[in-house]
Amino acid sequence: DVKVTQSSRYLVKRTGEKVFLECVQDMDHENMFWYRQDPGLGLRLIYFSYDVKMKEKGDIPEGYSVSREKKERFSLILESASTNQTSMYLCASRGTDGNPEAFFGQGTRLTVV
Amino acid sequence: SQQGEEDPQALSIQEGENATMNCSYKTSINNLQWYRQNSGRGLVHLILIRSNEREKHSGRLRVTLDTSKKSSSLLITASRAADTASYFCATPNGGGSQGNLIFGKGTKLSVKP
């Protein structure tokens, strides 16, 4: 069974903390993504990566960075967490061309206090 | 950047009725996908329709695609309480299979027993 696993379902962090959200996929996918989901705004793309060490900014990259040192792992980093980063974070992966379907992790509900 | 927009935003029906959700998009695409999200969870892929297809079926799901109108619809027949979820359409950014998917804001479906 294919899997995308996010390291935490729920996280509570303090303002100013550096926060790491980890995502691992076991499907050998080239593409990996981080979205955030907020009520009324749908899914918004933060960053994506199409290969190891490669990254592209999405629609809302400010306040975030990413790391992809290995093909199976894509990390989202909040350099200095703020309350407006309280949200649901979703990681996804997908292959190329013949397999455009995306697979999602279970989501991380992050609260910044 | 919002590509797909679902309509309606919310839909409430009785068990056994059919549910129809619509999606409109802006640019040319080579495929369109529908996803489902149970409350507080990640998204799950339901069905993909390619630009050279007009209609596709999967169990109780029927998807249509009208590329001239840049629209798609998802029909769930004989709905069940377990179909209660949010439904999203997604299209490839730039129209191709590479890169990220752009999601609409979703239709929240409630099926009452």
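Heads up: these notes are all about the structure in this document. (Residues numbered from 1 in each chain as written. Chains lettered and ligands numbered in written order. Predicted model: local features only at pLDDT ≥ 70, side-chain atom pairs only at ≥ 80, totals over all residues. Heavy atoms only, no water.)

## A few points about the packing of aromatic side chains
Consideration 1: Considering all chains together, one arrives at eight aromatic pairs over all chains under this definition.
Consideration 2: Judged by centre distance (6.1 Å) and plane angle (35°), the rings of Tyr35(A) and Phe104(A) are tilted. One end of the pair, Tyr35(A), is in strand β4 (residues 31-38); the other, Phe104(A), is in strand β10 (residues 102-104), with 69 residues separating them in the sequence.
Consideration 3: Taking relative accessible area as the criterion, Tyr35(A) reaches 2% and is therefore assigned buried.
Consideration 4: What makes Phe104(A) buried here is its relative accessible area of 11%.
Consideration 5: Between the aromatic rings of Phe104(A) and Phe103(B), the centroid separation amounts to 5.7 Å while the plane-to-plane angle is 75°, which identifies the pairing as edge-to-face. Of this pair, Phe104(A) sits in strand β10 while Phe103(B) sits in strand β10 (residues 101-103), on two different chains.
Consideration 6: One aromatic cluster in this structure is built from Phe33(A), Tyr35(A), Phe48(A), Phe104(A), Tyr35(B) and Phe103(B). (Phe/Tyr/Trp six-rings, centres within 6.5 Å; stacked < 30°, edge-to-face > 60°. Helix = DSSP H or I, 4+ residues; strand = E, 2+ residues; numbered from the N terminus. Buried < 20%, exposed > 50% of the residue type's maximum accessible area, 1.4 Å probe, protein only.)

## Overview of the side chain of Gln106(A)
Consideration 1: As for its position among the elements, Gln106(A) is in the loop between β10 and β11 (108-112).
Consideration 2: For Gln106(A), the side chain forms a polar contact with the main-chain oxygen of Gln6(A), separated by 3.1 Å.
Consideration 3: Apart from residues lying up to four places away in sequence, Gln106(A) is in contact with Val4(A), Thr5(A), Gln6(A), Arg9(A), Gly40(B), Arg41(B) and Gly42(B). (Polar contact = N/O pair within 3.5 Å; in protein donor to acceptor, adjacent residues only side chain to side chain. Contact = heavy atoms within 4.5 Å.)

## Here we look at the environment of Lys26(B)
Consideration 1: With respect to the element layout, Lys26(B) can be found in the loop between β3 (19-24) and β4 (31-37).
Consideration 2: Once the C-alpha coordinates of Lys26(B) and Ser79(B) are considered, the two residues, 53 residues apart in sequence, prove to be 30 Å apart.

## What about unusual backbone geometry?
All names here are of chain B.
Consideration 1: Residue Pro-8 follows Asp-7 across a cis peptide bond; omega there is 0°.
Consideration 2: With respect to the helices and strands, Pro-8 occurs in the loop between β1 (5-7) and β2 (10-14).
Consideration 3: The phi angle at Lys-70 is positive, at roughly 50°, despite the residue not being glycine.
Consideration 4: With respect to the helices, strands and loops of the structure, Lys-70 is situated in the loop between β7 (61-66) and β8 (71-76).
Consideration 5: Take Lys-70: its relative accessible area is 26%, and that puts it in the partly exposed class.

## Focus: the pattern of salt bridges
Close approach of charged atoms lets side chains of opposite charge pair.
Consideration 1: By the definition in use, this model includes ten salt bridges over all chains.
Consideration 2: Here Glu79(A) makes a salt bridge to Lys18(A), at a shortest N to O gap of 3.7 Å. Remark: Lys18(A) occurs in the loop between β2 (10-13) and β3 (19-25) and Glu79(A) occurs in the loop between β8 (73-78) and β9 (87-94); sequence separation between them is 61 residues.
Consideration 3: A relative accessible area of 46% means that Lys18(A) is categorised as partly exposed.
Consideration 4: Linking Arg60(B) and Asp83(B) is a salt bridge whose minimum nitrogen-to-oxygen distance equals 2.9 Å. On the criterion of sequence distance, the pair formed by Arg60(B) in the loop between β6 (55-58) and β7 and Asp83(B) in the loop between β8 and β9 (85-92) is long-range, its members being 23 residues apart. (Salt bridge = Lys/Arg side-chain N within 4 Å of Asp/Glu carboxyl O.)

## Some remarks on the state of the cysteines
Consideration 1: Inspection of the entire model under this criterion finds two disulfides over all chains.
Consideration 2: The residue that forms a disulfide with Cys23(A) is Cys91(A), at a sulfur-sulfur distance of 1.9 Å. Handedness here is read from the sign of the S-S torsion; for Cys23(A) and Cys91(A), about -80°, the answer is left-handed. Of this pair, Cys23(A) sits in strand β3 while Cys91(A) sits in strand β9, and the two are 68 residues apart along the sequence. Here Cys23(A) matches Cys91(A) in class, with each residue buried.
Consideration 3: Across the disulfide, Cys23(B) is cross-linked to Cys89(B) (sulfur-sulfur distance 2.0 Å). Measuring the twist about the S-S bond at about 70°, one finds the Cys23(B)-Cys89(B) disulfide to be right-handed. Separated by 66 residues along the polypeptide, Cys23(B) in strand β3 and Cys89(B) in strand β9 bring together distant segments of the chain. (Disulfide = S-S within 2.5 Å.)

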